[in-house]
Amino acid sequence: MPHAPAPDPPSALLPSGFFDRPAPEVAPDLVGATLSVGPCGGIVCETEAYTRDDPASHSFRGPTARNRAMFGPPGSAYVYLSYGLHWCLNVVCQSGDAVLLRALEPLEGLAEMRARRGPVADRLLCAGPGRLGQALGIGAAQDGLAFDAPRFGLGPRIAPVTLLVGPRIGISRAAERPWRFGLAGARSLSRRFPAG
């Protein structure tokens, strides 16, 4: 994929109504969206959907102290610590549904991302949910925040996209659901999609 010019922080942010849908509908629509977190940002190139009735979802057993943000307003962040190591950033959709932001094509704030991630290739800065969280400085402070500001916001696609679709990865339940979506040609995908 040709390296696109760095977008300005999103001036037209996605409205909360965009997110107030089932996660499997929102997840493909977020591929190609612009994400800004402080001075860092880029193009969302991989997502995964999780629903309230999904045995792989943190919301499957209902609200808890850990997952309460998943039941919050559409268009807000659900942040959790994976395996006690990696902060993962999700976008809340309709109540109990969320989209995991799995990977980002980094375009802004690369020096800051490199400082957080160490000496890795740029294509690996945000290639995976834990790497994305670390590169963007995500932590518990972002849990529940609305994606409605230029320095913590999601803007619409800046170009048409060709979508890749495949089963979810890194989970043991309902992994076969084709709820993982990617940007064709992106350099920063966390893993290749199945052929065809």
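Colleague: Would you mind going over the overall build of the protein chain in detail, with residue names and values included?
Modeller: Assigned secondary structure in the protein chain consists of four helices and nine strands. Walking the protein chain from its N terminus toward its C terminus, one meets helices and strands in the order α-α-β-β-β-β-β-α-α-β-β-β-β. When the 196 residues of the protein chain are sorted by exposure, 51% land in the buried category. Excluding contacts between residues fewer than 6 apart, the proportion of contacts in the protein chain whose partners are at least 24 apart in sequence is 63%. Accessible area for the protein chain stands at about 8,800 Å²; split by element, carbon and sulfur atoms hold 56% of it.

Colleague: Tell me about the pattern of salt bridges, and please be specific about residues and values.
Modeller: In total, this model carries six salt bridges according to the counting rule given. Between Asp29 and Arg21 there is a salt bridge; the shortest N-O distance is 2.9 Å. Judged by its relative accessible area of 31%, Asp29 is partly exposed. Salt-bridge contacts for Glu46 lead to Arg102; the nearest nitrogen and oxygen are separated by 2.9 Å. Here Glu46 is found in strand E2 (residues 40–50), whereas its partner Arg102 is found in strand E5 (residues 98–108), with 56 residues between them in sequence. Each member of the pair, Glu46 as well as Arg102, carries the same accessibility label: buried. Within this structure, Glu46, Glu48, Arg102 and Arg180 form a network of salt bridges that share partners.

Colleague: Can you break down the nonpolar core residue by residue, with the values?
Modeller: Ranked by internal contacts, the top residues of the largest apolar core, which has 43 residues, are Leu30, Leu35, Leu89, Leu136 and Leu154. Leu35 has contacts with Cys40, Gly41, Gly42, Val44, Leu89, Leu101, Leu104, Leu136, Phe147, Gly153 and Leu154, leaving out every residue within four places of it along the chain. In this structure, Tyr50, Ala69, Met70 and Val92 belong to the second largest nonpolar core, which totals 10 residues.

Colleague: Explain the pairing of strand E4 (residues 86–92) to me, and be specific about the residues and the numbers.
Modeller: The element E4 is largely enclosed, with a buried count of five among its seven residues. One ladder, built from six bridges, connects strand E3 (residues 77–82) with E4; its direction is antiparallel. Bridged to Val79 within E4 is Leu89. Following E4, the chain reverses through five residues before pairing antiparallel with E5; Gly96 in that reversal takes a positive phi of roughly 85 degrees.

Colleague: Any chance you could break down the environment of Ala146 for me, citing the residues and the numbers?
Modeller: Relative to the helices and strands, Ala146 is located in the loop between helix H4 (129–136) and strand E6 (148–149). Relative accessible area serves as the criterion here: at 34%, Ala146 is assigned to the partly exposed category. Separated by 130 residues in the primary sequence, Ala146 and Ser16 have C-alpha atoms spaced 8.9 Å apart.

Colleague: Kindly report on the confidence of the model for the protein chain, identifying the contributing residues and their values.
Modeller: Looking at the protein chain, pLDDT values average 88 and 89% of them are 70 or higher. Low pLDDT, under 50, characterises residues 1–10; the predicted model gives this stretch 27 contacts beyond four residues in sequence or across chains.

Colleague: Explain H4 to me, using residue names and the numbers behind them.
Modeller: Most of H4 sits inside the fold, with six of its eight residues counted as buried. Inspection of H4 places Pro129, Gly130, Leu132, Gly133, Ala135 and Leu136 among the buried residues, and these make up the whole buried set. At the exit of H4 stands Gly137, carrying a positive phi of roughly 70 degrees.

Calculation criteria
- Residues numbered from 1 in each chain as written.
- Predicted model: local features only at pLDDT ≥ 70, side-chain atom pairs only at ≥ 80, totals over all residues.
- Heavy atoms only, no water.
- Helix = DSSP H or I, 4+ residues; strand = E, 2+ residues; numbered from the N terminus.
- Buried < 20%, exposed > 50% of the residue type's maximum accessible area, 1.4 Å probe, protein only.
- Contact = heavy atoms within 4.5 Å.
- Areas by Shrake-Rupley, 256 points an atom, 1.4 Å probe, with all protein chains shown as cover.
- Salt bridge = Lys/Arg side-chain N within 4 Å of Asp/Glu carboxyl O.
- Core = buried A, V, L, I, M, F, W, Y, C linked by side-chain atoms within 4.5 Å.
- Pairing = 2+ DSSP bridges.
- pLDDT = per-residue confidence, 0-100.

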